[in-house]
Amino acid sequence: MFTMREVTEDTYQPRLERTARALVAGGLIAYPTEAVYGIGCLPGERAAVERLLQVKHRSWRKGLILIAADIAQLEPLILFPKGGLREEILASWPGPVTWLLTTQSGIPAYLSGGRKKLAVRVTAHPLARHLCIHTGSPLISTSANRSGRPPLKRALQVRREFGDELDDLLVGPLGSLERPTSLRDGLTGQILR
């Protein structure tokens, strides 16, 4: 069972540490992102990823998005293109642009949906970024909703919808986006969403 408290200056650090501990222990959490609440876990925790997919009623074949605190957290997972497109990707981060980039060999199929590309973003959202820092890992970031339903934007909605299916709920402000981040192809630059 999780508690639901707004993150303030007094509770910011302890709550982040508690939520990070839940992640490291293989937990499933909800947290604010740039536009909506997200549900996430550590990408290396296969049981947690399977649980996330079950909770969302989502097929692993759709692939997942990973967010990170910095580029160094993503480099073991993806290959950056060379030239101008690489510069465009790097200039968009940290920020609300998710890029579909070629994976390094050995990436689990459950992350990429079995494809040779993985959706990644260096987040500018302070709470999401600090979760990545505290765990020392990228974080799976999928919208807090059941598959086919609208993403949730309020902590109370998340609690009502998912209740005890989550190990923790980090309550805090969303970013200023109205819709989830844009998705772009890392080989062509094309906007996919």
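Residues numbered from 1 in each chain as written. Predicted model: local features only at pLDDT ≥ 70, side-chain atom pairs only at ≥ 80, totals over all residues. Heavy atoms only, no water.

### With respect to the packing of helix α1 (residues 12-24) against helix α6 (residues 126-135)
Closest axis-to-axis distance for the α1/α6 pair is 9 Å, and the angle between their directions is 55°. Classified by the angle between their axes, α1 and α6 sit oblique to one another. Here the hand of the crossing between α1 and α6 comes out right-handed. Contacts from Tyr 12, Gln 13, Leu 16, Glu 17, Thr 19, Ala 20, Leu 23 and Val 24 in α1 reach Pro 126, Leu 127, His 130, Leu 131, His 134 and Thr 135 in α6. Residues belonging to the contact of α1 with α6 are distributed by class as follows: 8 nonpolar, 5 polar and 1 charged. (Axes fitted to C-alpha atoms, helices over the stretch in contact; angles between N-to-C directions. Helix = DSSP H or I, 4+ residues; strand = E, 2+ residues; numbered from the N terminus. Parallel < 35°, antiparallel > 145°, perpendicular 65-115°, else oblique. Left-handed = near helix turned anticlockwise from the far one by under 90°. Contact = heavy atoms within 4.5 Å. Nonpolar A, V, L, I, M, F, W, Y, C, P; charged D, E, K, R; others polar.)

### Some remarks on the packing of aromatic side chains
Under the definition given, this model contains 1 aromatic pair. Arranged with centres 6.2 Å apart and planes meeting at 70°, the rings of Phe 80 and Trp 93 form a pair that is edge-to-face. Of this pair, Phe 80 sits in the loop between β4 (78-79) and α4 (84-91) while Trp 93 sits in the loop between α4 and β5 (97-103); the two residues are 13 residues apart in sequence, bridging distant segments of the chain. Of the two residues, Phe 80 and Trp 93, both sit in the buried class. (Phe/Tyr/Trp six-rings, centres within 6.5 Å; stacked < 30°, edge-to-face > 60°. Buried < 20%, exposed > 50% of the residue type's maximum accessible area, 1.4 Å probe, protein only.)

### Focus on the pairing of β5
Burial analysis of β5 places 5 of its 7 residues in the buried class, which makes it a mostly covered element. Bridge count for β4 against β5 is 2 bridges, and the pairing is antiparallel. Looking across to β5, one finds that Ile 78 is bridged to Thr 103. The sheet contact formed by β5 and strand β10 (residues 182-185) spans 4 bridges and is parallel. When the bridges of β10 are listed, Leu 100 appears paired with Asp 185. By the bridge criterion, 4 bridges tie β5 to strand β6 (residues 117-122) in an arrangement that is antiparallel. If you follow Thr 102 over to β6, its bridge partner there is Lys 117. (Pairing = 2+ DSSP bridges.)

### Here's the deal with the sheet that holds strand β2 (residues 37-40)
Read from one edge of the open sheet, 4 strands run β8-β2-β1-β9, paired in mixed fashion. In this open sheet, the two strands that pair with only one neighbour each are β8 (142-143) and β9 (168-169). Where β2 meets β8, 2 bridges bridge the pair, whose relative direction is antiparallel. Paired with Gly 38 across the strands is Ser 143, a residue of β8.

### Concerning the state of the cysteines
Tallied over the entire structure, the rule returns 0 disulfides. Not part of a disulfide, Cys 41 finds its nearest cysteine sulfur in Cys 132, a span of 12 Å. You can call Cys 41 buried: its relative accessible area is 0%. Exposure remark for Cys 132: the relative accessible area of 0% places this residue in the buried category. (Disulfide = S-S within 2.5 Å.)

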